[in-house]
Amino acid sequence: APPETRASPQAQPRSGPAPITDVAKLCVCDLLVAQCDVNCCCDPDCSAADFSLFTTCSVPIVIGDSRLCSQKAAVYSLDVEANPPERIFKLIDQVNPSVFCIHATNYKQALSFSSPEMPTSENFDQLLKRFGSAAFSAEPDSWNMNTDAQNPSDANETYRYVYGVPIQTADAFLRLPSPVVSSWCSDANPAGFLVNQATKCTRSVSVEKCGNIQAVSMLFYINSSILAVPKSSQMVNITVQSIAVQSLNGMRSLLNGGDVLRLPMILDELCINIVLGVSYHITYTDAGEIIEAAASFVLGAINQAALSIQQHFEISFTQVDTKPVPLSGNPGYVVGLPIRAGFRPQGYPFPVEILFANTNKYGQLTILQSTSNQDCLAAQGARTPILFGYNMISGCKLRITAAMKCQLLTQTLLDLLKGQSFPEYVASFGNSQAHNVLDWVPITHLRIAEQRIYNTFQSSCQIPVALEIEVKWTKYGSLVNPQARIVNVTATITTTTLKQLPSGRERTIPIISSVAFTDISSPAEPGYKAWPTINVKLPYDFFFPFV
């Protein structure tokens, strides 16, 4: 007998399961039932006589998954030189020339679409347990849940949080409850790093059991410390930033002692101090390390008639030593986002983003906001942000009497049209930084006098009646992904002349504010690099003896 040989323990070629789909039996152009489709060379309903009438094969090659490095392919063609013409079928091994391809398949269920399991009264509880969480897998038993076992190769690796990675805590991860299957809250939703989220869901409660429901207690959201970086022993405690108490009628009041832990308790047939909302704020470094975590709570009360409550949850992130200012693009402006504006205070070398009224706290360029009654005096202080790319017009009506003072009326209308603090600069890009002076465009102010004359005052009085803002922008950067850049902003005040009206008479004047965007981009012309020049030096006797 020949000597016994043993296979080498070296790496053996991996082969996945056999493809479920046989490409020889697959035909994507077979659309008619029990009929031959014209020019469909893979149609099993076509006979040799049908193939002789074909002019071409509409689908010349059929493959399974184009991402595989090597696979079987069914090739169809017509032999037009034969009499009559006939179809030629070949089954070949096709090689994918791409560097990024699937060499071996080891997940059988991924080779075909699985038939979904329909919920019934018998399997509903099982399906809810399997798919009712925020994340699930088709093969949960294959998960390796032993996170304590560390790979020896990871001993010298430096960990850091990256975008979207769940924020780890001492026991699991930071929870941000959210609705999954229905509107009811699921506590299995992890909070992702740098992913700002806002959720709301419904939770079943009762006064008798409110003290035993963990999800309505402050302790449930702050009792676990956050890992500064993944797989780290350094912990960051969650501190209580503020506590607001909401009454049964919806009124809220801020507590002075925000760091006091208030647990649910029953008082006079009411359950008080139940959590209605939580807002997390995470501070991190540019190295992906969490250094601070704070939570703001909204506590409320329920009575005997309440069967459920609606909870709100939010999470936001701020990099350390930075001011959280929302951007309007990165870098170019995005259509529909506010235009950022600012002014340069005395002694400052660069513009500073301004704070307008309460409706405009992030330094945005605004115009007059129209009201339902169209009364200018009632519209004072109402502003709306100018959104990039949106032409806007708003206005109101001013009722003028002979008793009005010209100077006071002029100043009132200017404040109405321009606001209390009209900016001096506009950001060229949606992400322009305040210290980059060249990224800010000064606003040009113009004044135009109309020829209309209203008989109101004894001596002529010039009052502003319209503000027109024109924003000129251009496409900047690559032709593939151009960015919107503001290059000029002009604010034009239109005035009119008023004269005296008879005593007791009134006149109504329209006040208009408008914004127009103008694209001044030059025609896009693709550029090409110059042809390379070859610097060739021939020897002096190269053409000897001809020269």
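Residues numbered from 1 in each chain as written. Predicted model: local features only at pLDDT ≥ 70, side-chain atom pairs only at ≥ 80, totals over all residues. Heavy atoms only, no water.

> How should I be thinking about the nonpolar core in this particular structure?
Across soluble globular proteins, nonpolar side chains have a tendency to be buried as a group. Ranked by internal contacts, the top residues of the largest apolar core, which has 42 residues, are Ile-339, Val-426, Ile-463, Ile-469, Ile-486 and Ile-511. No other element matches the 10 residues that strand 21 (residues 440-476) contributes to this core. Each residue touching Val-426, except ones within four places of it in the same chain, is listed here: Tyr-333, Ile-339, Arg-340, Ala-341, Leu-365, Asp-439, Trp-440, Val-441, Ile-443, Ile-486 and Val-489. Within the second largest apolar cluster, 33 residues are counted, among which are Tyr-161, Ile-167, Tyr-280 and Ile-290. (Core = buried A, V, L, I, M, F, W, Y, C linked by side-chain atoms within 4.5 Å. Buried < 20%, exposed > 50% of the residue type's maximum accessible area, 1.4 Å probe, protein only. Helix = DSSP H or I, 4+ residues; strand = E, 2+ residues; numbered from the N terminus. Contact = heavy atoms within 4.5 Å.)

> So what exactly am I meant to see when it comes to the environment of Thr-410 here?
Within the secondary structure layout, Thr-410 lies in helix 4 (residues 406-418). Thr-410 sits 54 residues away from Pro-464 along the chain, and the two C-alpha atoms are 6.6 Å apart. Contacts of Thr-410, omitting those with residues within four sequence positions, involve Cys-461, Gln-462, Ile-463 and Pro-464.

> Explanation requested: the packing of aromatic side chains in the structure shown.
To describe a pair of aromatic rings, you give the distance between the ring centres and the angle between the ring planes. For the structure shown, the criterion picks out 12 aromatic pairs. Geometrically, the ring pair formed by Phe-220 and Tyr-221 is edge-to-face, given 5.0 Å between the ring centres and 90° between the ring planes. Each member of the pair, Phe-220 together with Tyr-221, is buried. Ring geometry for Phe-388 against Phe-517: centres 5.4 Å apart, planes inclined by 75°, an arrangement best described as edge-to-face. Of the two residues, Phe-388 is situated in the loop between strand 18 (383-385) and strand 19 (392-401) and Phe-517 in strand 23 (residues 506-519); the sequence distance between them amounts to 129 residues. (Phe/Tyr/Trp six-rings, centres within 6.5 Å; stacked < 30°, edge-to-face > 60°.)

> I would appreciate a short explanation of the pattern of salt bridges in the present structure.
Where charged atoms from two side chains of opposite charge approach closely, those side chains can pair. This model, assessed by the stated rule, comprises 4 salt bridges. One salt bridge connects Asp-93 with Lys-72, and the closest N-O pair in it is separated by 2.7 Å. Placement of Asp-93 in strand 3 (residues 86-95) and of Lys-72 in strand 2 (residues 70-79) is noted, with a sequence separation of 21 residues between them. For Asp-187, the salt bridge goes to Arg-203, with nearest N and O atoms at 2.9 Å. Here Arg-203 lies in strand 6 (residues 197-204) and Asp-187 lies in the loop between strand 5 (185-186) and strand 6, a separation of 16 residues in the sequence. (Salt bridge = Lys/Arg side-chain N within 4 Å of Asp/Glu carboxyl O.)

> Got a minute to help me understand unusual backbone geometry in this structure?
Among all residues except glycine, the phi angle is most often negative; among peptide bonds, the trans geometry is most common. Note that the residue after Asn-83, namely Pro-84, is joined by a cis bond; omega there is 0°. Following Asn-330, the chain continues to Pro-331 via a peptide bond in cis, the omega torsion being 0°.

> Mind showing me how you'd approach the state of the cysteines here?
Joining two cysteines, a disulfide is a covalent bond between their sulfur atoms. Inspection of every chain in the model, using the stated rule, returns 8 disulfides. Bridging Cys-185 to Cys-201, the disulfide has an S-S length of 1.9 Å. The S-S bond linking Cys-185 to Cys-201 shows a torsion near 100°; that makes this disulfide right-handed. Here the residue Cys-185 occupies a position in strand 5, and Cys-201 occupies one in strand 6, the gap between them amounting to 16 residues. Given a relative accessible area of 16%, Cys-185 falls into the buried group. Two residues share a disulfide in this structure: Cys-210 and Cys-271, whose sulfurs sit 2.0 Å from each other. Between Cys-210 and Cys-271 the disulfide shows an S-S torsion of about 105°. By sign, it is right-handed. (Disulfide = S-S within 2.5 Å.)

> Just to check I follow, could you spell out the sheet that holds strand 1 (residues 61-63) for this structure?
Adjacent strands of a sheet form backbone hydrogen bonds with each other and so pair up, either parallel or antiparallel. As summarised here, the arrangement of the 3 strands in space is 1-2-3, forming an open sheet in which the pairing is antiparallel. The open sheet has two edge strands with one neighbour each: strand 1 and strand 3. Ignoring which end each strand starts from, the neighbouring axes of this sheet average 20° apart. Pairing between strand 1 and strand 2: 3 bridges, direction antiparallel. Bridging from a neighbouring strand, Ile-61 pairs with Val-75 of strand 2. (Pairing = 2+ DSSP bridges. Axes fitted to C-alpha atoms, helices over the stretch in contact; angles between N-to-C directions.)

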